[in-house]
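Residues per chain are reported as follows:
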Amino acid sequence: MSEHGQSKDGYDFAHPISIPLMLSVFGALLALTILTVAQASFDIGSLDIVIVMVIATIKAGLVMAFFMHLAYDKPFNVIVFLSSFAFVALFLIFTMGDSKLTSVDFEPKVDDEASEVSEVAVVDTLEQVAATESEQATVEMEETVTE
Amino acid sequence: MSTIEAAAENAHDAHGHDHDHPSFLAHHFDTPEQQFDSGKLGIWLFLVTEILFFSGMFCAYAIFRMLRPDVFEGCSQFLNTKLGAINTGVLLFSSLTMAWAVRCSQTRQNKGLVAMLASTLSCAMIFLGVKAIEYSHKWEMGLLPAGLFTFDQNNPHPETDTHYLFYICLPFMFLLAGVVLWLIISLVRGNEFHVKCAKPLTVVAICFFVGIGLGMILESGDSSHSEEEGLEEEVMMAEAVELGNESVLQKISRDDTNSGAKSELIARARQSDTAGTSIVQEGQIISGAIVSVEEDVMTKRQAGVFFSIYYCMTGVHAIHILFGIGFLVWLLVRAVREDFNPQYFGPVDYVGLYWHLVDLIWIYLFPLLYLIR
């Protein structure tokens, strides 16, 4: 921290990034975007999600380092920001691991629309319920009559 | 030393204290740098909360994609890659102009700052315009979140009375009318400051409709490419092979329970493969049973959930764009007022960081949603 009397400290802190650097970063970002779109037309199998995420992460890195000035920022700010990604990773890993163990059973493979069989079953049970109710009613009626 | 003198010029004259400090420096800060660093730490902490906020939606996406990758493959075909790619480019360009705006504010180029902020805003509006085309097109097809999902593949473009695009455009029409009115009134009154603010904002408001036009051109170019069938129909037909005028049979056979029609279709396909002879290829066993059920993922239970995730992620992102537009307009007015200088460019930098984060999220959203085979 600078003292009051000292002149330049605390006043000259703007570090504008150069225009050629900005333009080249933008060019790289555009090229990577075209690359991601282009790779979608090739069949690379299960690797494609990895490739797509790697390209996206490179793009994110470029934006963070130069457009967000993280490359020139205070180390503390960098730590604060990047630590959030560590927590996101923790969150994703634990939740995914958990759902891998449990949620598969809850996710039906075939869409179960109301089939005829189940409708019949429902009707059956309804009839049964109605029958038992009427039986009970007659029993009660008989009871009242005997009384 | 010159910076100190420049700072002193801005000092309050009628300031009740015994010390001088520039008007932009708050009382509780020693130096502009300390003020800037405090603000910067604050905005970084805010961005951390933003990332954690979005991570919830990315988590939902990851779980559903892990459980049902086929649903994602099927539904991703309905998202227009061209529109997504254009929007990515527009957003990246807006990031460039935003970074440039920060540079202009650091080097005291006020005209450049206003121009850069205005172009960032224009890009944001174009992004929203293209998005409006995408959304309205899907709503008309009934590709809605799970609860409202009404898409029917046999009738992908049902007649609707609701003009979704019109309703989306309505607030932006009012905005444009308002800004133009403001410009005219301030021109008549001769209020120079207001004219300077309203001029770039008029361009910005028009840019939403530029985005709408851009989206329409790309969208129509896409539908003419796939002719009458339309993109979605094409996808559905992909495995049903090119059989000239068998559309009725194709439609019947799409029902998985209709195994007879399905196997007949397979037989005909193989028949046409063997150069039009009327006999099924020898050695090919055509069984009447369903060998493998081609699952139809375009149902409420499955595609609906995909579109819930899609609308949630892109919608929250679009809301962030709207907030960003609000902050940028505020910056634009202050830039016209010439508030910023090499010792006080914090607000531009902070909004810039927020804007780059919104761009960052789109960088991940685009390949994850649009580019699934």
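Residues numbered from 1 in each chain as written. Chains lettered and ligands numbered in written order. Predicted model: local features only at pLDDT ≥ 70, side-chain atom pairs only at ≥ 80, totals over all residues. Heavy atoms only, no water.

Digging into the overall build of chain B
Item 1. When you go through chain B residue by residue, the secondary structure sums to 12 helices and 0 strands.
Item 2. Element order for chain B, N to C, with α for helix and β for strand: α-α-α-α-α-α-α-α-α-α-α-α.
Item 3. Looking at the 373 residues of chain B, the share that counts as buried comes to 52%.
Item 4. Look at the contacts in chain B between residues 6 or more apart in sequence, and 75% of them connect residues 24 or more apart. (Helix = DSSP H or I, 4+ residues; strand = E, 2+ residues; numbered from the N terminus. Buried < 20%, exposed > 50% of the residue type's maximum accessible area, 1.4 Å probe, protein only. Contact = heavy atoms within 4.5 Å.)

Some details on the pattern of salt bridges
Item 1. A full pass over the atoms with the stated rule returns 7 salt bridges over all chains.
Item 2. The salt bridge partner of E134(B) is K131(B), with a shortest N-O separation of 3.6 Å. In this pair, E134(B) and K131(B) are both assigned in helix 5 (residues 110-141), 3 residues apart and thus about one turn of the helix distant.
Item 3. Residue K131(B) is classed as buried on the basis of its relative accessible area, which comes to 2%.
Item 4. Here R337(B) and D339(B) are joined by a salt bridge, their closest N and O atoms 2.7 Å apart.
Item 5. One salt-bridge network, held together by shared partners, links D73(A), K40(B) and D349(B). (Salt bridge = Lys/Arg side-chain N within 4 Å of Asp/Glu carboxyl O.)

So, the interface of chain A and chain B
Item 1. At the interface, 67 residues of chain A touch 64 residues of chain B.
Item 2. Summed over the shared surface of chain A and chain B, the number is 2 salt bridges.
Item 3. Between D37(B) and K74(A) there is a salt bridge; the shortest N-O distance is 3.1 Å.
Item 4. The interface formed by chain A and chain B holds 5 residue pairs in polar contact (both at pLDDT 80 or more) in total.
Item 5. Going through the elements one at a time, helix 1 (19-39), helix 2 (48-67) and helix 3 (75-102) of chain A are the ones with two or more residues in the side of chain A that touches chain B.
Item 6. The dominant element in the side of chain A that touches chain B, judged by the number of residues it contributes, is helix 3 of chain A, at 14 residues. (Polar contact = N/O pair within 3.5 Å; in protein donor to acceptor, adjacent residues only side chain to side chain.)

Comments concerning the layout of surface pockets
Item 1. Roughly 620 Å³ of internal volume is contained in the second largest pocket.
Item 2. Lining the second largest pocket we find 23 residues, and of these M53(A), V88(A), L92(A), F58(B) and Y364(B) sit closest to its centre.
Item 3. Listing elements by their share of the lining of the second largest pocket, those giving two or more residues are helix 2 and helix 3 of chain A together with helix 2 (32-67) and helix 12 (346-370) of chain B.
Item 4. If one sorts the elements of the lining of the second largest pocket by residue count, helix 2 of chain B sits on top with 8 residues.
Item 5. Residue composition of the lining of the second largest pocket, by class: 20 nonpolar, 2 polar and 1 charged.
Item 6. Looking at which domains feed residues into the lining of the second largest pocket, each of domain 1 (16-73) and domain 2 (74-107) of chain A gives three or more. (1 Å grid on protein atoms, 1.4 Å probe; cavity = no way out; pocket = protein on both sides within 12 Å on 5 of 7 lines; lining within 4 Å. Points joined across faces, edges and corners; volume = space filled by probe spheres on them. Nonpolar A, V, L, I, M, F, W, Y, C, P; charged D, E, K, R; others polar. Domains from an automatic or database assignment.)

Description of the side chain of K59(A)
Item 1. One can find K59(A) in helix 2.
Item 2. Summary of buried charges: K59(A) has no salt-bridge partner, and the nearest side chain of opposite charge, D359(B), is 7.7 Å away.
Item 3. Other than its neighbours up to four places away in sequence, K59(A) contacts L29(A), L32(A), T33(A), T36(A), T88(B) and I363(B). (Lys, Arg positive; Asp, Glu negative; His and termini not counted.)

Observations regarding a nonpolar patch on the surface
All names here are of chain A.
Item 1. A cluster of nonpolar side chains, namely F42, I44, L47, V50, V54 and I58, defines an oily patch on the protein surface of about 540 Å² accessible area.
Item 2. By secondary structure assignment, the location of I58 is in helix 2.
Item 3. A relative accessible area of 44% places I58 in the partly exposed class. (Patch = residues over 30% accessible without salt bridge, like charges linked within 9 Å, V, L, I, M, F, W, Y side chains within 5 Å. Areas by Shrake-Rupley, 256 points an atom, 1.4 Å probe, with all protein chains shown as cover.)

Re the packing of aromatic side chains
Item 1. Enumeration according to the criterion identifies 33 aromatic pairs over all chains in this entry.
Item 2. Considering the side-chain rings of F26(A) and F93(B), the 5.7 Å spacing of their centres and the 65° angle between planes classify their relative orientation as edge-to-face. Of this pair, F26(A) sits in helix 1 while F93(B) sits in helix 4 (residues 81-106), which puts the two residues in different chains.
Item 3. With a relative accessible area of 13%, F26(A) lands in the buried category.
Item 4. The exposure class assigned to F93(B) is partly exposed, which follows from its relative accessible area of 35%.
Item 5. Ring geometry for Y61(B) versus F72(B): centroids 5.0 Å apart, planes at 85°, classification edge-to-face. Taken as a pair, Y61(B) in helix 2 and F72(B) in helix 3 (residues 69-76) lie far apart in primary sequence, 11 residues in all.
Item 6. Accessibility expressed as a relative area gives 4% for Y61(B), which makes it buried.
Item 7. Residue class for F72(B) comes out buried when judged on its relative accessible area of 0%. (Phe/Tyr/Trp six-rings, centres within 6.5 Å; stacked < 30°, edge-to-face > 60°.)

Considerations on empty space enclosed by the protein
Remark: the empty space left among the atoms is shown by a probe the size of a water molecule rolled over them.
Item 1. Evaluation of the coordinates by the stated rule reveals 1 cavity of 30 Å³ or more.
Item 2. One number sums up the size of the largest cavity: a volume of about 40 Å³.
Item 3. If you trace the largest cavity, you find it lined by D48(A), I49(A), V52(A), R65(B), P367(B), L368(B), L371(B) and I372(B).
Item 4. Those elements that provide at least two residues to the lining of the largest cavity are helix 2 of chain A together with helix 12 of chain B.
Item 5. Take the lining of the largest cavity: its biggest share by element is 3 residues, from helix 2 of chain A.

Thoughts on the nonpolar core
Generally speaking, nonpolar side chains in soluble globular proteins are found buried as a group.
Item 1. Core analysis: the largest hydrophobic core is formed by 124 residues, its most contacted members being F81(A) and F307(B).
Item 2. Element by element, the count of residues in this core is highest for helix 12 of chain B, at 18 residues.
Item 3. Taken together, domain 1 (16-73) and domain 2 (74-107) of chain A each give at least three residues to this core, which thus spans both.
Item 4. With near-sequence residues (within four places) excluded, F81(A) lies in contact with M64(A), M68(A), L70(A), W44(B), L47(B), V48(B), I51(B), L357(B) and L360(B). (Core = buried A, V, L, I, M, F, W, Y, C linked by side-chain atoms within 4.5 Å.)

Details of helix 3 of chain A
Item 1. Taking 1.5 Å per residue, 28 residues should reach 40 Å; helix 3 of chain A reaches 41 Å between its end C-alpha atoms and fits that length.
Item 2. Within helix 3 of chain A, burial applies to N77(A), V80(A), F81(A), S84(A), V88(A) and S99(A). (Expected span 1.5 Å × (residues − 1).)

Regarding helix 5 of chain B
In an α-helix there are 3.6 residues to a turn, and that puts residues three or four apart on one side.
Residue and element names in this part refer to chain B.
Item 1. In this model helix 5 runs 47 Å from its N-terminal to its C-terminal C-alpha over 32 residues, within 8% of the 46 Å that 1.5 Å per residue would give.
Item 2. Helix 5 sits mainly inside the fold: 25 of its 32 residues count as buried.
Item 3. Looking one or two residues beyond helix 5, the residue adopting positive phi is G142, at roughly 80°.

It is worth stressing that arrangement in space is one thing and function is another; only the former is reported here.
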